[in-house]
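Now for the letters of each chain:
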Amino acid sequence: MTETPTTPMTETPPADPLLALDRVEIGLAADPQVRAVDGLDLRVAPGEAVALVGESGSGKSVTAYAALGLLAPALRASGTLRLGASSYDLGDPGALRPLRGGEISMIFQDPGTSLNPVMTVGRQLEDVLRRHGGPPRRERWRRVVDLLAEVGVAAPDRVARAYPFELSGGMRQRVLIAMALSCEPRLLIADEPTTALDTTVQAQIMDLLMTLVRDRGMAMLFISHDLGLVAGSCRRMYVMYAGRVVESGPVADVLRRPRHPYTKALVGCRPTADRRLARLPSIPGTVPPIGSMPSGCRFAPRCPIAVEQCRTADPELRAVGGNVSVACLRASEEES
Amino acid sequence: MLAVRLNRARRLGPRVVLPLAGSVLQAAVVAAATFVVFLLMRLIPGDPARILAGPGGSVTPEQVERTRRELGLDDPIALQYWNWITDAVRGDFGNSLVLNDTVAELLADRLVITLQLSVYAFTLAVVLAIPLSLVAARRQGAIADKLSRLAGATGVAVPSFWLALLLIIVAQGVLPTFGYAPLSEGLGAHLGHMLLPALALGAGFATLVFETTRAGLIDTLSSDYVRTARAFQIPERRIYGRYALRNAFLPTLTIFGLEAGALMAGALLVENAFALPGMGRLIVQGVLSRDYPVVQACILVIVVVFVAVNLLMDLLYAVVDPRVRRSRG
Ligand SMILES: Nc1ncnc2c1ncn2[C@@H]1O[C@H](COP(=O)(O)OP(=O)(O)OP(=O)(O)O)[C@@H](O)[C@H]1O
Ligand SMILES: [Mg+2]
């Protein structure tokens, strides 16, 4: 389980990925034509930290849920997930169940509601350990306390006996991280792990995650709004808009020279380090709700450089060199 | 009574002091409710002194006056109430005006039957409603869900009294539909006589518990913490019990407390339908014959039971929900 990956952190999409999501579509169960995610491909190499960014509502969370078969009953996915040598149908959530925890662990967006309010966090950790080959019963509590200490909890004994409502947001997030680590997963999906936290705690949690990823050789899919955090933690990134990947490539390149007008807008209103905001502010307009996707390029209605053709032709994601791919008709014209 | 309670509270420690302090308020509820009944009984036409003094025109006004004085009925109403409640607290409810017995004596046997009926109805309702709500919440919109919701809707719509009559007609000859069998006649006979009354009384309550728990479960099953549990392969059985139901149970507990009164009131009606010699008949007889010591004692008991159930629910709430428990502790 704890293989130490020898693959270096690459900046090219990995040829031999740990995780590959292919042709992911997520639509309403009642009406599969109404899609929250529409044809997404994504790869993560062993030990690699990859970012998935985009505004609220662009489909980041549902993508992560689909990978674990955890979508709400109202939503249904299709596409395939490859993990190492095995391949799974995303349309069959039950088949994905064995991957949960041990292969892929997830940290959820809101630590405030992601723990059972009527159980101590220690008991919840015990539940997870029991399920994932933790130590025998009598040593389990010891292990719980150790795990909490490992994620930087100062008084692990006390915290283990606390109920979630007695803990701060940052502390709850540490508990959830400990839960994810207890399974020693090959891939950690961190869904905006710091959005609900204030800035200093945010930095602590990011430090913790990066240390863990580095020390354990764990791969991470890091979902975020915050390009500042992404720049500091990931090598490659996918930019998502309205259920599609609109740009992908090495973080350094994409941030230095964004090609898609949406990425440009994101980078343009990227909060500075001393004035970091939880939500991306100032792109005019909002992500279209699922079910009312514009025809042609989905960003066209908000795009400052859209031309007539953008409203009819749906741009494909294509390589533009330097391992960057962009889905924009005008991207190459913009280059000079 | 208060002093005893507070003493007990001190012994039990801080965790239960607050609900018990709340019970000071509840003691006030008991006093207010019984005082209102006390007044109402005086408003019913028919002068008990006149009735007791003797039949028809054969009594002189002097005789009536004497009876009135003997009964203390010429005291100011507040004083009468005070005398009555202070005696009642010591377990002395006075004598029946009509039957040749103390009220406490009359009440003791009847209360047992009414309490049995209420407890059985409650148990039956919970035993039926909770598993059904689990099934229904698990497969929303499936046939089991639709059927149980239909049954639920009918259960609420049909008053327990009608249901009692219906059951009596349907089960005639199959199950006992008349009278009471004490436990001393054997558990089988006892429960046999109680089954239909408990069903009639519990049906409406069961549907309330069902609806509340089902709605709660649907909520908790789509909660973030259930998703977390699933993300770590916690067995579904445990998720339903420890994660979903445990949280969904909080509103259900509130329903238990709120409905305790309705359940007792329903019991009085159902008893009459099934000729169970519980408090129901005692109250009806008491009202008809202006036997107000009996009626007042019955009401007092019902109010006290209601308050006690709610107190119990408060304590249970603290057991189920650590947020309540620890914020008090
Ligand atoms: N249970 C659901 N039923 C119907 N639509 C849903 C459901 N869950 C999510 N959606 C829709 O799917 C789209 C993507 O939602 P998602 O939560 O993945 O966005 P996100 O990128 O994670 O946003 P955020 O940054 O706010 O977390 C949204 O339009 C949302 O309304
Ligand atoms: Mg999200």
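What counts, and where the lines are drawn
Residue numbers here run from 1 along each chain, matching the order of that chain's written sequence. All chains are assigned letters beginning with A, and all ligands numbers beginning with 1, in the order in which they are written. Local features in this predicted model are restricted to residues whose pLDDT is 70 or higher, and side-chain atom pairs enter the listing and the counts only when it is 80 or higher, whereas totals over whole chains, interfaces and linings include all residues. Note: side-chain values were computed over all heavy atoms of the structure, leaving out hydrogens and water. Here a strand is any run of E in DSSP of at least two residues, a helix any run of H or I of at least four, and the numbering for each starts at the N terminus. C-alpha atoms define the radius of gyration, and 2.2 Å times the number of residues to the power 0.38 defines the globule rule. In this scheme, a residue with accessible area under 20% of its type's maximum is buried, one over 50% is exposed, and one in between is partly exposed, where area comes from a 1.4 Å probe on protein chains only. By definition, residues are in contact when any of their heavy atoms lie within 4.5 Å. Residue burial considers only the protein chains on display, and all accessible areas are found by Shrake-Rupley using a 1.4 Å probe. A positive count includes Lys and Arg, and a negative count includes Asp and Glu. His and the chain ends are not counted in either. Charge positions come from single atoms, namely NZ of Lys, CZ of Arg, CG of Asp or CD of Glu. Reported buried area values correspond to the accessible surface (1.4 Å probe) lost by two parts on association, with both partners' losses combined. Whenever a carboxyl oxygen of Asp or Glu lies within 4 Å of a side-chain nitrogen of Lys or Arg, that contact is scored as a salt bridge. A 3.5 Å cut-off defines polar contacts: any pair of N or O atoms within that distance qualifies, except that in protein one atom must be a possible hydrogen donor and the other a possible acceptor, and neighbouring residues in sequence count only when both atoms are side-chain atoms. All residues other than Ala, Val, Leu, Ile, Met, Phe, Trp, Tyr, Cys, Pro, Asp, Glu, Lys and Arg, Gly among them, are scored as polar; the first ten of these are nonpolar and the last four charged. Only heavy atoms are used to decide nearness, and a residue is near a molecule or strand if one of them lies within 4 Å of it. By this definition, two strands are paired if DSSP reports at least two bridges between them. Helix axes use the C-alpha atoms of the stretch in contact, all axes being lines fitted to C-alpha atoms, and the angles between their N-to-C directions lie in the range 0 to 180 degrees. For this classification, under 35 degrees means roughly parallel, over 145 means roughly antiparallel, 65 to 115 means roughly perpendicular, and everything else is oblique. For any helix crossing, the convention is left-handed if the near helix is rotated counterclockwise from the far helix by under a right angle, and right-handed if that rotation is clockwise. Grouping buried Ala, Val, Leu, Ile, Met, Phe, Trp, Tyr and Cys residues that are joined through side-chain atoms within 4.5 Å yields what is termed a nonpolar core. UniProt positions are given in the numbering used here, feature names are shortened, and annotations may be inferred rather than shown by experiment. The aromatic pairing rule takes the rings of Phe, Tyr and Trp, using the six-membered ring of Trp, and pairs them if the centres are within 6.5 Å, calling planes under 30 degrees apart stacked, those over 60 edge-to-face and the rest tilted. A donor here means any N, O or S atom no more than 2.8 Å from the metal (3.2 Å for Na, K and Ca); water is not included, so a site may seem to lack partners.

Peer 1: Help me out: how do you make sense of the overall build of chain A in this one?
Peer 2: The helix and strand tally for chain A stands at eleven helices and twelve strands. Taken over the C-alpha trace, chain A has a radius of gyration of 20 Å; the compact-globule value for 336 residues is 20 Å, and the two agree within 12%. Considered along the principal axes of its C-alpha atoms, chain A spans approximately 70 × 45 × 40 Å. Each of the 336 residues in chain A was classed as buried or not, and the buried ones make up 56%. In chain A, the share of contacts with a sequence separation of at least 24, taken over all contacts with a separation of at least 6, comes to 64%. Roughly 13,900 Å² of accessible area belongs to chain A as shown, and the carbon and sulfur atoms make up 50% of that amount. Taking the 39 positively charged and 37 negatively charged side chains of chain A as two groups, their mean positions are separated by 3 Å.

Peer 1: Teacher, can you tell me more about the interface of chain A and chain B here?
Peer 2: Often the size quoted for an interface is simply the accessible area lost on bringing the parts together. Across the boundary between the two partners, chain A contributes 33 residues, which contact 22 residues of chain B. Between chain A and chain B, roughly 2,500 Å² of surface is buried when both sides are summed, and carbon and sulfur atoms account for 57% of that area. Linking chain A to chain B there are one salt bridge. For the pair chain A and chain B, the number of links is 16 residue pairs in polar contact (both at pLDDT 80 or more). Of all elements in the fold, only β6 (104-107), α3 (121-131) and α6 (169-182) of chain A reach the threshold of two or more residues within the side of chain A that touches chain B. Here the side of chain A that touches chain B takes five residues from α3 of chain A, the largest share from any one element. Residues of the side of chain A that touches chain B, tallied by class, amount to 18 nonpolar, seven polar and eight charged.

Peer 1: Explain the site of ligand 1 to me, please; I cannot follow it from the model alone.
Peer 2: All names here are of chain A. Near ligand 1 there are 17 residues, and of these S56, G57, S61, Q109 and E192 occur at the shortest range. The separation between an oxygen atom of ligand 1 and a polar main-chain atom of S58 is 3.3 Å. The separation between an oxygen atom of ligand 1 and a polar side-chain atom of K60 is 2.8 Å. For ligand 1, the accessible surface in isolation is 640 Å², of which the surrounding protein chains cover 71%. Among the elements that make up the shell around ligand 1, the one with the highest residue count is helix α1 (residues 60-68) (three residues). Class assignment for the residues of the shell around ligand 1 results in six nonpolar, seven polar and four charged.

Peer 1: Just to check I follow, could you spell out the sheet that holds strand β4 (residues 75-83) of chain A for this structure?
Peer 2: By definition, the strands of a sheet pair up through backbone hydrogen bonds, in either a parallel or an antiparallel sense. Residues and elements named next belong to chain A. Pairing is antiparallel in the open sheet, where four strands are placed in the order β2-β1-β4-β5. Edge positions in the sheet fall to β2 (35-44) and β5 (86-89), since each has one partner strand and no second. On average, each strand axis in the sheet is inclined to that of its neighbour by 5 degrees, with strand direction left out of account. Pairing analysis gives seven bridges linking strand β1 (residues 19-28) to β2, with the strands arranged antiparallel. By the bridge assignment for β2, I26 is matched with V37.

Peer 1: How should the packing of helix α5 (residues 77-89) of chain B against helix α13 (residues 292-320) of chain B be read in this particular structure?
Peer 2: Angle between the axes and distance between the axes: these two values describe a pair of packed helices. All names here are of chain B. Interhelical geometry of α5 versus α13 gives an angle of 60 degrees and a closest axis separation of 12 Å. Looking at the two axes, α5 sits oblique to α13. Remark: the crossing between α5 and α13 carries right-handed chirality. Residues W84, I85 and A88 of α5 lie in contact with α13, whose contacting residues are Q296, A297 and L300. When grouped by side-chain class, the residues that make up the contact of α5 with α13 number five nonpolar, one polar and no charged.

Peer 1: Would you mind going over the sheet that holds strand β11 (residues 318-319) of chain A with me for this structure?
Peer 2: Residue and element names in this part refer to chain A. The strand order β6-β7-β8-β3-β9-β10-β12-β11 describes an open sheet built from eight strands, whose pairing is mixed. Only two strands of the sheet have a single neighbouring strand rather than two, namely β6 and β11. Where strand β3 (residues 49-53) lies against strand β9 (residues 236-241), four bridges are found, and the strand directions are parallel. Bridging across to β9, V53 finds its partner in V239.

Peer 1: Sorry if this is basic, but what is going on with the nonpolar core here?
Peer 2: The tendency in soluble globular proteins is for nonpolar side chains to be buried side by side. Among the nonpolar cores identified, the biggest contains 110 residues, and L81 and M237 of chain A are the most heavily contacted of them. Excluding residues that lie within four positions of it along the chain, L81 of chain A makes contacts with L19, A20, L21, A67, S86, S87, Y88, L90, L96 and L99 of chain A. In terms of nonpolar packing, the next biggest core, distinct from the first, is built from 41 residues, A125, A129, A164 and L245 of chain B among them.

Peer 1: Please clarify how the UniProt feature "domain: ABC transporter" (unreviewed entry) in chain A should be interpreted in this entry.
Peer 2: The UniProt entry lists residues 21-267 of chain A under the feature "domain: ABC transporter" (unreviewed entry), expressed in the numbering used here. In residues 21-267 of chain A, helix accounts for 38% and strand for 26%; the two terminal C-alpha atoms are 26 Å from one another.

Peer 1: Mind showing me how you'd approach the side chain of N247 of chain B here?
Peer 2: For N247 of chain B, the location among the structural elements is in helix α11 (residues 236-273). Side-chain polar atoms of N247 of chain B contact the side chain of N116 of chain A, separated by 2.9 Å. Separated by 2.7 Å, the side chain of N247 of chain B and the backbone oxygen of Y243 of chain B make a polar contact. Sequence-distant contacts of N247 of chain B, defined by excluding residues within four places in its chain, comprise N116, P117 and V118 of chain A together with T220, Y225 and R323 of chain B.

Peer 1: How should the packing of aromatic side chains be read in this particular structure?
Peer 2: Aromatic ring pairs are described here by two measures, namely the spacing of the ring centres and the angle between the planes. All names here are of chain B. Summed over all chains, the structure comprises 13 aromatic pairs over all chains. Ring centres of F38 and W84 lie 5.7 Å apart, and the angle between their planes is 40 degrees; this geometry places the pair in the tilted category. Within this pair, whereas F38 is found in helix α2 (residues 14-43), its partner W84 is found in helix α5, the two being separated by 46 residues in sequence. According to the relative accessible area criterion, F38 is buried, its value standing at 2%. The exposure class assigned to W84 is buried, which follows from its relative accessible area of 9%. Three or more aromatic residues link up through ring pairs in this structure, and these residues are F35, F38, Y81 and W84.

Peer 1: How should I be thinking about the coordination of the magnesium ion (ligand 2) in this particular structure?
Peer 2: In ideal tetrahedral geometry, four donors around a metal make angles of 109.5 degrees, whereas ideal octahedral geometry with six donors gives angles of 90 or 180 degrees. All names here are of chain A. Protein ligation of the magnesium ion (ligand 2) involves S61 (OG) and Q109 (OE1), the donor distances falling in the range 1.9 to 2.4 Å. In this pair, S61 sits in helix α1 while Q109 sits in the loop between β6 and α3, placing the two residues 48 residues apart along the sequence. Accessibility expressed as a relative area gives 15% for S61, which makes it buried.

Peer 1: Can you help me understand the packing of helix α10 (residues 224-231) of chain B against α11 of chain B in this one?
Peer 2: Residues and elements named next belong to chain B. One way to put it is that α10 packs onto α11 with a least axis distance of 10 Å and a crossing angle of 165 degrees. In this view, α10 runs roughly antiparallel relative to α11, as classed from their interaxial angle. Read as a crossing pair, α10 and α11 show a hand that is right-handed. In this structure, α10 contributes Y225, V226, A229 and R230 to the contact, and α11 contributes E236, I239, Y240, Y243 and N247.

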